[in-house]
Amino acid sequence: MTRPLATLDVFSPDAYLDEAEVARRCQQLRAIGPVLWVEQEPYRPFWAVLRRDDIMAVERDSKTWLAAPRQTLIPRDIEDAIIAQWGVRTGPVRTLLDMDGADHRDHRALTQSWFNSRFLDTLRERMTVLAREYVDKLAALGGECDFIEEIAVPYPLIMITSILGLPDSDAPLVLRLTQELFGAQDPDRQRSGQYGQDVAMEFFQYLGAVVADRRRQPAEDLMSVVANARLHDAPLSDIDTLSYGMLLAAAGHDTTSSSVGVGMMQLALNPDQFARLRADPALIPSAAQEMFRWATPVRHFMRTAACDTQLGGQAIAAGESVCLVYLSGNRDETVFADPDQFRVDRSPNRHVAFGYGAHHCLGRILAEMEVEALFREIAARVESIELAGPAEWVKTNHTGGLKRLPIRYRMA
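Residues numbered from 1 in each chain as written. Predicted model: local features only at pLDDT ≥ 70, side-chain atom pairs only at ≥ 80, totals over all residues. Heavy atoms only, no water.

Secondary structure summary: the protein contains 16 helices and 14 strands in total. When its C-alpha atoms are laid out on the principal axes, the protein stretches across 60 × 55 × 40 Å. Here the protein holds 412 residues, and 57% of them are scored as buried. In the protein, once contacts between residues fewer than 6 apart in sequence are set aside, the share between residues at least 24 apart is 74%. One finds the centroid of the 44 positive side-chain charges in the protein at a distance of 2 Å from the centroid of its 57 negative side-chain charges. (Helix = DSSP H or I, 4+ residues; strand = E, 2+ residues; numbered from the N terminus. Buried < 20%, exposed > 50% of the residue type's maximum accessible area, 1.4 Å probe, protein only. Contact = heavy atoms within 4.5 Å. Lys, Arg positive; Asp, Glu negative; His and termini not counted. Charge placed at Lys NZ, Arg CZ, Asp CG, Glu CD.)

Taken as a whole, this structure holds 38 salt bridges when the rule is applied. For the salt bridge of R124 with D121, the shortest nitrogen-to-oxygen distance reads 2.7 Å. When its relative accessible area of 41% is taken as the criterion, D121 is described as partly exposed. In this structure, the salt-bridge partner of D186 is K403, at a minimum N-O distance of 2.9 Å. Note that D186 is positioned in the loop between helix 9 (171-182) and helix 10 (197-216) and K403 in strand 13 (residues 402-404), a separation of 217 residues in sequence. A single salt-bridge network, built from bridges that share partners, covers D186, D188, E392, K403 and R404. (Salt bridge = Lys/Arg side-chain N within 4 Å of Asp/Glu carboxyl O.)

For the rest of this paragraph, the subject is helix 1 (residues 19-32). Between the first and last C-alpha of helix 1 there are 20 Å, a value that for 14 residues agrees with the 20 Å anticipated at 1.5 Å per step. Each element contacted by the buried residues of helix 1 is listed here: strand 1 (35-38), helix 14 (284-295), strand 10 (321-325), helix 15 (326-329) and strand 12 (392-393). (Expected span 1.5 Å × (residues − 1).)

A few words on the sheet that holds strand 7 (residues 300-305). Strand order in this open sheet of five strands is 1-2-10-7-3, and the pairing throughout is mixed. Here the strands that pair on one side only, and so sit at the sheet edges, are strand 1 and strand 3 (65-66). In the sheet, strand 3 pairs with strand 7 via two bridges, with the strands oriented antiparallel. Across the sheet, residue W65 finds its bridge partner in strand 7, namely A305. Here helix 2 (residues 52-60) sits on the sheet in contact with strand 1, strand 2 (46-49), strand 3, strand 7 and strand 10, set at roughly 125° to strand 10. (Pairing = 2+ DSSP bridges. Axes fitted to C-alpha atoms, helices over the stretch in contact; angles between N-to-C directions.)

Once that is clear, we can look at the packing of aromatic side chains. We describe a pair of aromatic rings using the distance from one ring centre to the other and the angle between the two ring planes. The full count for this structure, using the stated rule, is seven aromatic pairs. On the basis of an interplanar angle of 70° and a centroid distance of 6.4 Å, the ring pair of W294 and F342 is categorised as edge-to-face. In this pair, W294 sits in helix 14 while F342 sits in the loop between helix 15 and helix 16 (364-381), placing the two residues 48 residues apart along the sequence. For the pair W294 and F342, a shared accessibility class is recorded, and that class is buried. Between the NZ or CZ atom of R293 and the centre of the ring of F336, over which it lies, the distance is 5.2 Å. One Lys or Arg, R331, reaches over the ring of W294 and ends 3.8 Å from the middle of that ring. (Phe/Tyr/Trp six-rings, centres within 6.5 Å; stacked < 30°, edge-to-face > 60°. Lys NZ or Arg CZ within 6 Å of the ring centre and 35° of its normal.)

This part is about the environment of A212. Along the chain, the position of A212 falls in helix 10. A relative accessible area of 32% places A212 in the partly exposed class. Sequence separation between A212 and A227 is 15 residues; the distance between their C-alpha atoms is 7.6 Å.

Turning our eyes to something else, we now look at the packing of helix 8 (residues 154-164) against helix 12 (residues 238-269). The contact between helix 8 and helix 12 brings their axes to 8 Å, and the two run at 155°. When the axes of helix 8 and helix 12 are compared, the pair comes out roughly antiparallel. The chirality of how helix 8 crosses helix 12 is right-handed. Across the interface between the two elements, P156, L157, I160 and L164 of helix 8 pack against L248, A249, G252, H253, T256 and S257 of helix 12. In terms of residue class, the contact of helix 8 with helix 12 is made up of six nonpolar, four polar and no charged. (Parallel < 35°, antiparallel > 145°, perpendicular 65-115°, else oblique. Left-handed = near helix turned anticlockwise from the far one by under 90°. Nonpolar A, V, L, I, M, F, W, Y, C, P; charged D, E, K, R; others polar.)

Written out as structure tokens, the structure reads:
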């Protein structure tokens, strides 16, 4: 059988510097076929999965489609160097994202209760107060600011450091390490050409001191849970403990930050939608879901076939990898009416911005609550928003959003 080829780039970090162009290219690729073979340097060949239902089918079947051993698109020379140094493609890191089967389920269960609605309901008042403080900050800034730097980044950062039990004074360090880790392909943020391996080691050094402290004196925070976790009557390995802490500290705010930033950009670009939101606060939950769909902060994850299988009409051999192109799935015209329009009342809106299946985002409910709290306050107190300059995207093909969003606004 002839393998249909993907002829347009939606896989390199450079492609994501123009989000609208990536969306157009994804549309063109979906017209060729739902599952396409990709031979694009500098990556090892793979299949691109472009439609939402096929993405969900892969995520649903975690026995056929494995997270290990290939989780993200990394240039083959860097991948080879990491394997040569550490023995595995993930380098010194082993997070939930790298695990499969019972191993993944058991590790995820260690913190699952901290991210369910019952616990998060206790944070609702804290979120409301924090959202109010950040809209107070908007008012104090005088009608013009970089929304990413002033609001979108610090707001969810303070929430996750609070949950983890990290002091507010450590937030700048956690932010720098997170941006260097996820921005390893961006010249403004990358530390080296190691795709974040060196950053992970510094993150481990920082968290190692936190873990040691929580083992001596456990507290009522999430880092204490991670530091003292046990599986099968044995403590977690140091690598698993530090990797777990790093995943929570980094992913726990960066993806929400991206969604907040893109959400504000879309409201600025669509004043009619902002007017609807201001007129009807009951639309806040559906508007938040539309922001997640548009932002799609995690661009892709890889899965590898454990056996010969079929997907989207294509025969895929055991050992071949697929790239789940979430942004393409979230613009799939067979699922979403007018997918390239931002609509605060979109319903249904079964997007894959949080993934799906066993690996769906652990912090989904937290992210939803944070975005809803902030935009409820913005809709109540901001009268108008417009762009004050071009938005700038982080150069990454994996996890990221806007780097800058200059806005001009008028308070109500």
